[in-house]
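Structural overview for review
Listed below, chain by chain, are the residues.
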Amino acid sequence: LAKTTQPISMDSYEGQEVNITCSHNNIATNDYITWYQQFPSQGPRFIIQGYKTKVTNEVASLFIPADRKSSTLSLPRVSLSDTAVYYCPLSGGYQKVTFGTGTKLQVIP
Amino acid sequence: EAQVTQNPRYLITVTGKKLTVTCSQNMNHEYMSWYRQDPGLGLRQIYYSMNVEVTDKGDVPEGYKVSRKEKRNFPLILESPSPNQTSLYFCASSPRPKYATNEKLFFGSGTQLSVL
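Everything in this summary refers to the structure shown in the same document. (Residues numbered from 1 in each chain as written. Chains lettered and ligands numbered in written order. Predicted model: local features only at pLDDT ≥ 70, side-chain atom pairs only at ≥ 80, totals over all residues. Heavy atoms only, no water.)

The helix and strand inventory of chain A stands at zero helices and 11 strands. Each helix and strand of chain A, placed in order from N terminus to C terminus, yields the pattern β-β-β-β-β-β-β-β-β-β-β. Radius of gyration (C-alpha) of chain A: 13 Å, near the 13 Å computed for a compact globule of 109 residues. The principal-axis extent of the C-alpha atoms belonging to chain A is close to 40 × 30 × 20 Å. Counting every position in chain A, which comprises 109 residues, the buried fraction comes to 44%. For chain A, restricting intrachain contacts to residue pairs at least 6 apart in sequence, the fraction spanning at least 24 positions comes to 53%. (Helix = DSSP H or I, 4+ residues; strand = E, 2+ residues; numbered from the N terminus. Rg over C-alpha atoms; globule rule 2.2 N^0.38 Å. Buried < 20%, exposed > 50% of the residue type's maximum accessible area, 1.4 Å probe, protein only. Contact = heavy atoms within 4.5 Å.)

This part is about the interface of chain A and chain B. Counting from both sides, the interface comprises 23 residues of chain A and, opposite them, 26 residues of chain B. Both sides together, the interface formed by chain A and chain B hides about 2100 Å², and carbon and sulfur atoms give 52% of it. The tally of links from chain A across to chain B stands at zero salt bridges. Counting only elements with at least two residues in the side of chain A that touches chain B, the list comes to β3 (33-38), β4 (45-50) and β10 (96-98) of chain A. Counted by class, the side of chain A that touches chain B contains eight nonpolar, 13 polar and two charged residues. (Buried area = accessible area lost by both parts, 1.4 Å probe. Salt bridge = Lys/Arg side-chain N within 4 Å of Asp/Glu carboxyl O. Nonpolar A, V, L, I, M, F, W, Y, C, P; charged D, E, K, R; others polar.)

Considering the arrangement of structural elements, one finds Gln38(A) in strand β3. Gln38(A) gets classed as buried once you look at its relative accessible area, which sits at 4%. A polar contact is formed between the side chain of Gln38(A) and the backbone oxygen of Gln42(A), at a distance of 2.7 Å. Excluding residues that lie within four positions of it along the chain, Gln38(A) makes contacts with Gly43(A), Pro44(A), Ala84(A), Val85(A), Tyr87(A), Gln37(B), Leu43(B) and Phe90(B). (Polar contact = N/O pair within 3.5 Å; in protein donor to acceptor, adjacent residues only side chain to side chain.)

Okay, structure coming up:
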């Protein structure tokens, strides 16, 4: 089962761009890369998903290099409400979805 | 409104007293899953179900049972709860067709369980 590695925590000031990297050296050919956001006492919420290159939506951008062994979630101009835990799980084929501990982002005023 | 509904939101029980946490989704999703979340350990998968009557173990299935008799419901059963099962539990569902890996999970609001 492919495993992901993320920084445990990050701090950022309001208004800055934040980049969170996820390492997935053993990603399978058919795995998509998906990022979730979780606020305290709430369930994780889907943010963005991609397979390769760059994906952008109204919330974030996702950068995936050609070898797909890592991905970077980019949050433009963060605000206090972006303080949350961010996960980049991979599927174990089509069965297990392993989340890990995620990256705790603290946005500072 | 499309959603995953878990009940109860909070539950306090005693060791050995059987309990069931319900999970229901109204999106006609085939895939459903249970997770527990503990400080420092992140989200760990307990059981998942690819469809009705199809369930399988996740990473931490010991002490739990599930059933999938209907597509919309996926209850989590603790036959004899113990204090180490005190945790925050999440149910999730996905429209993921079989063999597809671009899942997008929809999570419930969580159930905080305390076993005394």
